[in-house]
2 protein chains.
Amino acid sequence: MSISESEQQKWLAEAVQLATANVENGGGPFGAMIVRDGSVLATGTNQVTPTLDPTAHAEVVAIRAACQAIGDYKLDGCVLVTSCEPCPLCLSAALWARVGKVVYAADRHDAAEAGFDDREFYDLFSRPRETWPLPVGRLSLPDSFAPFQAWLSKPDKKAY
Amino acid sequence: MSISESEQQKWLAEAVQLATANVENGGGPFGAMIVRDGSVLATGTNQVTPTLDPTAHAEVVAIRAACQAIGDYKLDGCVLVTSCEPCPLCLSAALWARVGKVVYAADRHDAAEAGFDDREFYDLFSRPRETWPLPVGRLSLPDSFAPFQAWLSKPDKKAY
């Protein structure tokens with residue numbers, strides 16, 4: 001996971017190129033890569049509109065592809081290199097994937113300038129849900145803990 | 001998107017059942033559904049370990065499937081019904097998918113009790129990144145805005 005600044009700049013420049021080329025190819029202006037030990041495990045570009053998948057952000061695409069490439073659901077020791085600051089979706093994906101480091105070029109304010117909601121969604125996370133335009137609420141059920149009980153009782157569960 | 005409380009309870013109970021059954025099937029204890037106008041467009045269960053995809057949370061799986069089912073990358077007017085409070089990944093996916101409402105049964109504290117990081121990741125979002133165990137940093141490049149410039153200049157871009 002040790003990665004020099006000049007190496008980071010090299011990979012970042014490549015991610016930015018992927019992002020720029022992706023606009024011509026009909027996707028969003030975002031590109032990302034998963035790098036480990038000086039090698040690119042996988043790349044990803046934003047594929048939301050071409051694939052009709054609102055979660056197909058460049059980082060998510062790269063993370064999923066890297067996991068398939070190495071046959072694991074964890075990316076320990078990997079660096080997520082991305083053309084733009086990961087939005088809350090992509091940052092959370094990086095956390096769940098257990099990457100070791102994230103480096104980016106443009107930031108959420110650049111994204112906002114281009115019409116993307118990254119900054120707005122960060123802002124939402126810092127505000128109480130009662131103030132959100134999207135209603136998010138709990139409805140308690142008697143058996144709401146049942147799935148977790150089943151999980152805790154399962155001797156051969158695969159934690160992740 | 002109007003959905004009565006008894007209807008919500010019915011769908012929620014179904015999501016909880018999906019979650020419980022999924023443990024037996026080798027996945028994580030999470031289940032979700034996308035409901036519109038009283039009909040289920042798609043369901044999803046946690047598939048992280050079976051499919052080696054750290055982003056295959058129940059909500060993400062359901063959102064992706066619903067989009068494929070209706071041929072759109074937006075889920076306007078849909079309700080995301082989920083057995084557990086969406087983690088930051090899934091909540092962000094719901095925001096990007098433009099669902100109209102989210103309802104859940106168990107919460108992040110229940111998830112924590114079962115060993116999942118949902119609450120911890122929410123806590124990270126509320127703390128400065130300098131305090132995170134995961135380094136996330138910017139490296140400014142001269143051409144970091146180039147992808148957005150290409151996007152803004154493209155006359156036939158498909159916004160999402």
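Note: the structure precedes this text.
The sections below set out a description of the structure shown in this document. (Residues numbered from 1 in each chain as written. Chains lettered and ligands numbered in written order. Predicted model: local features only at pLDDT ≥ 70, side-chain atom pairs only at ≥ 80, totals over all residues. Heavy atoms only, no water.)

1. With respect to the packing of aromatic side chains
- Scanning all chains against the criterion turns up 23 aromatic pairs over all chains.
- Seen from their ring centres, F148 of chain A and F30 of chain B are 5.4 Å apart, and the 75 degrees between their planes marks the pair as edge-to-face. Separated into two different chains, F148 of chain A in helix α7 (residues 146-153) and F30 of chain B in the loop between α1 (5-24) and β1 (31-36) make up a pair that spans both.
- Look at F148 of chain A and you get buried, because its relative accessible area is 1%.
- Measuring from ring centre to ring centre gives 5.5 Å for F145 of chain B and F148 of chain B, while their planes differ by 55 degrees; the resulting arrangement is tilted.
- Clustering of aromatic rings is evident, with ring pairs tying together F30, F116 and F121 of chain A together with W96, F145, F148, W151 and Y160 of chain B.
- In this structure, R129 of chain A is placed above the aromatic ring of W132 of chain A, and the distance from its NZ or CZ to the ring centre is 6.0 Å. (Phe/Tyr/Trp six-rings, centres within 6.5 Å; stacked < 30°, edge-to-face > 60°. Helix = DSSP H or I, 4+ residues; strand = E, 2+ residues; numbered from the N terminus. Buried < 20%, exposed > 50% of the residue type's maximum accessible area, 1.4 Å probe, protein only. Lys NZ or Arg CZ within 6 Å of the ring centre and 35° of its normal.)

2. Focus on the sheet that holds strand β4 (residues 101-106) of chain A
- Read from one edge to the other, the open sheet built from five strands follows the order β2(A)-β1(A)-β3(A)-β4(A)-β5(B), with strand pairing classed as mixed. Only two strands of the sheet have a single partner each, and these edge strands are β2 (39-45) of chain A together with β5 (136-138) of chain B. Ignoring strand direction, the axes of neighbouring strands in this sheet form an average angle of 20 degrees.
- When strand β1 (residues 31-36) of chain A meets strand β3 (residues 79-84) of chain A, the two strands line up antiparallel, connected through four bridges. If you follow I34 of chain A over to β3 of chain A, its bridge partner there is L80 of chain A.
- Against the sheet, helix α1 (residues 5-24) of chain A makes contact with β1, β2, β3 and β4 of chain A, and its axis sits at roughly 145 degrees relative to β1 of chain A, the strand it touches most. (Pairing = 2+ DSSP bridges. Axes fitted to C-alpha atoms, helices over the stretch in contact; angles between N-to-C directions. Contact = heavy atoms within 4.5 Å.)

3. Regarding the relation of the copies chain B and chain A
- The two copies are related by a screw motion: chain B maps onto chain A through a turn of 180 degrees and a shift of 0.0 Å along the axis, at an RMSD of 0.0 Å. Both copies are brought into coincidence by an operation consistent with a two-fold rotation axis. For chain B, the residue whose C-alpha comes nearest the rotation axis is L89 of chain B, separated from it by 2.3 Å.
- Both copies contact each other with a shared surface, as 100% of the interface residues of chain B are interface residues in chain A too. (Least-squares fit on C-alpha atoms with pLDDT ≥ 70 in both.)

4. Regarding the sheet that holds strand β5 (residues 136-138) of chain A
- Read across the sheet, five strands follow the order β5(A)-β4(B)-β3(B)-β1(B)-β2(B) without closing on themselves; strand pairing throughout is mixed. Each edge of the open sheet is held by one strand with a lone partner, namely β5 of chain A together with β2 (39-45) of chain B. Neighbour to neighbour, the strand axes of the sheet diverge by 20 degrees on average, direction disregarded.
- Two elements, strand β3 (residues 79-84) of chain B and strand β4 (residues 101-106) of chain B, share five bridges in a ladder whose sense is parallel. Each bridged residue has a counterpart across the sheet, and for V81 of chain B the counterpart in β4 of chain B is V103 of chain B.
- Packed onto the sheet, α1 of chain B meets β1, β2, β3 and β4 of chain B and runs at close to 145 degrees relative to β1 of chain B.
- Contacts between helix α3 (residues 58-70) of chain B and the sheet are confined to β1, β2 and β3 of chain B, with β2 of chain B contributing the most and set at about 140 degrees to the helix.

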